[in-house]
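Chains, contacts and geometry: an overview
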Amino acid sequence: GLSPLETGLATLPMPLGTFIAVPVVTRLLTRTGPRTSLIVGPATAGVALVYLAVSISHYNYALSFLPALLVLGFGLGFMFVSLQNLLMAGIQPQDSGAAAALADATLQIGGSVGLALLSVAYGMRDLSTQSNYAYVFAVTAALLFGSAIAAFASLRNATRSLHTPLDQRSRR
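Residues numbered from 1 in each chain as written. Predicted model: local features only at pLDDT ≥ 70, side-chain atom pairs only at ≥ 80, totals over all residues. Heavy atoms only, no water.

1. Remarks on the overall build of the protein
For the protein, the helix and strand inventory stands at eight helices and zero strands. Its helices and strands taken in sequence order, the protein reads α-α-α-α-α-α-α-α from the N to the C terminus. Counting all 172 residues of the protein, 32% fall into the buried class. Contacts in the protein between residues far apart in sequence, at least 24 positions, make up 73% of those at least 6 positions apart. Accessible surface, the protein as shown: approximately 10,200 Å² in total, 70% of it carbon and sulfur. (Helix = DSSP H or I, 4+ residues; strand = E, 2+ residues; numbered from the N terminus. Buried < 20%, exposed > 50% of the residue type's maximum accessible area, 1.4 Å probe, protein only. Contact = heavy atoms within 4.5 Å. Areas by Shrake-Rupley, 256 points an atom, 1.4 Å probe, with all protein chains shown as cover.)

2. Overview of the environment of Ser82
Mapped onto the secondary structure, Ser82 falls in helix H4 (residues 61-88). On the basis of relative accessible area, Ser82 is assigned to the buried category, the value being 0%. Along the sequence, Ser82 and Gly41 sit 41 residues apart, while their C-alpha atoms lie 8.9 Å from each other. Among all residues touching Ser82, those that are not within four sequence positions of it are Val25, Leu29, Pro34, Ser37 and Leu38.

3. Topic: the packing of aromatic side chains
Counted by the stated rule, this structure contains two aromatic pairs. When the centroid spacing of 5.1 Å and the interplanar angle of 45 degrees are considered together, the rings of Phe74 and Phe78 count as tilted. Of this pair, Phe74 and Phe78 both sit in helix H4, four residues apart, roughly one helical turn. The buried category is assigned to Phe78, whose relative accessible area is 5%. Measuring from ring centre to ring centre gives 6.5 Å for Tyr133 and Phe137, while their planes differ by 25 degrees; the resulting arrangement is stacked. Here Tyr133 pairs with Phe137, and both are found in helix H6 (residues 129-154), just four residues apart, close to one helical turn. Its relative accessible area of 39% is what places Tyr133 among the partly exposed residues. (Phe/Tyr/Trp six-rings, centres within 6.5 Å; stacked < 30°, edge-to-face > 60°.)

4. Quick notes on a nonpolar patch on the surface
Together, Leu16, Phe19, Ile20, Leu70 and Val71 make up a nonpolar patch on the protein surface, roughly 440 Å² of accessible area in all. Of all the secondary-structure elements, those providing two or more residues to the nonpolar patch are helix H2 (13-32) and H4. No other element matches the three residues that H2 contributes to the nonpolar patch. Along the chain, Leu16 falls in helix H2. (Patch = residues over 30% accessible without salt bridge, like charges linked within 9 Å, V, L, I, M, F, W, Y side chains within 5 Å. Salt bridge = Lys/Arg side-chain N within 4 Å of Asp/Glu carboxyl O.)

5. Comments concerning the packing of H2 against H4
Their axes nearest at 7 Å, the elements H2 and H4 cross at an angle of 40 degrees. Between H2 and H4, the crossing angle belongs to the class labelled oblique. The handedness of the crossing between H2 and H4 comes out as right-handed. Taken together, the residues of the contact of H2 with H4 break down into 19 nonpolar, seven polar and no charged. (Axes fitted to C-alpha atoms, helices over the stretch in contact; angles between N-to-C directions. Parallel < 35°, antiparallel > 145°, perpendicular 65-115°, else oblique. Left-handed = near helix turned anticlockwise from the far one by under 90°. Nonpolar A, V, L, I, M, F, W, Y, C, P; charged D, E, K, R; others polar.)

Written as structure tokens, this is what we have:
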């Protein structure tokens, strides 16, 4: 096994990927709105998890985990920035503090529930640990691909609504 320091260093590519994605998605949001990035982000993260699920059996950090964690972080960066912007779209300035707190709490609770469900999926398998990880990576990838499809189907007019205050949208 790895020491705590080695483990921490081994997981650094994921926040690095997020760090790289944030300025990219910020520029993209002003041009295309959240729809594009809420399709690209989950799909990218899903591809990284499929790669992890397939490559977990031959442990080679540089070939298996490093690129997957970097790509996963990039996809997650697309998702987090886009979701935060979508949740805050059209909020009046005087309500922005409460709305930001509600958005953060919603994202935290959603993450906790998702992690709990994936832990149940992990525990339901009666296989070796390696197979359990591959299974959970595959299930998570399927959920991410599903969210990309949901964004494609449901966010058709999100570009316009990101830049239009709520009171103006209700008058249309």
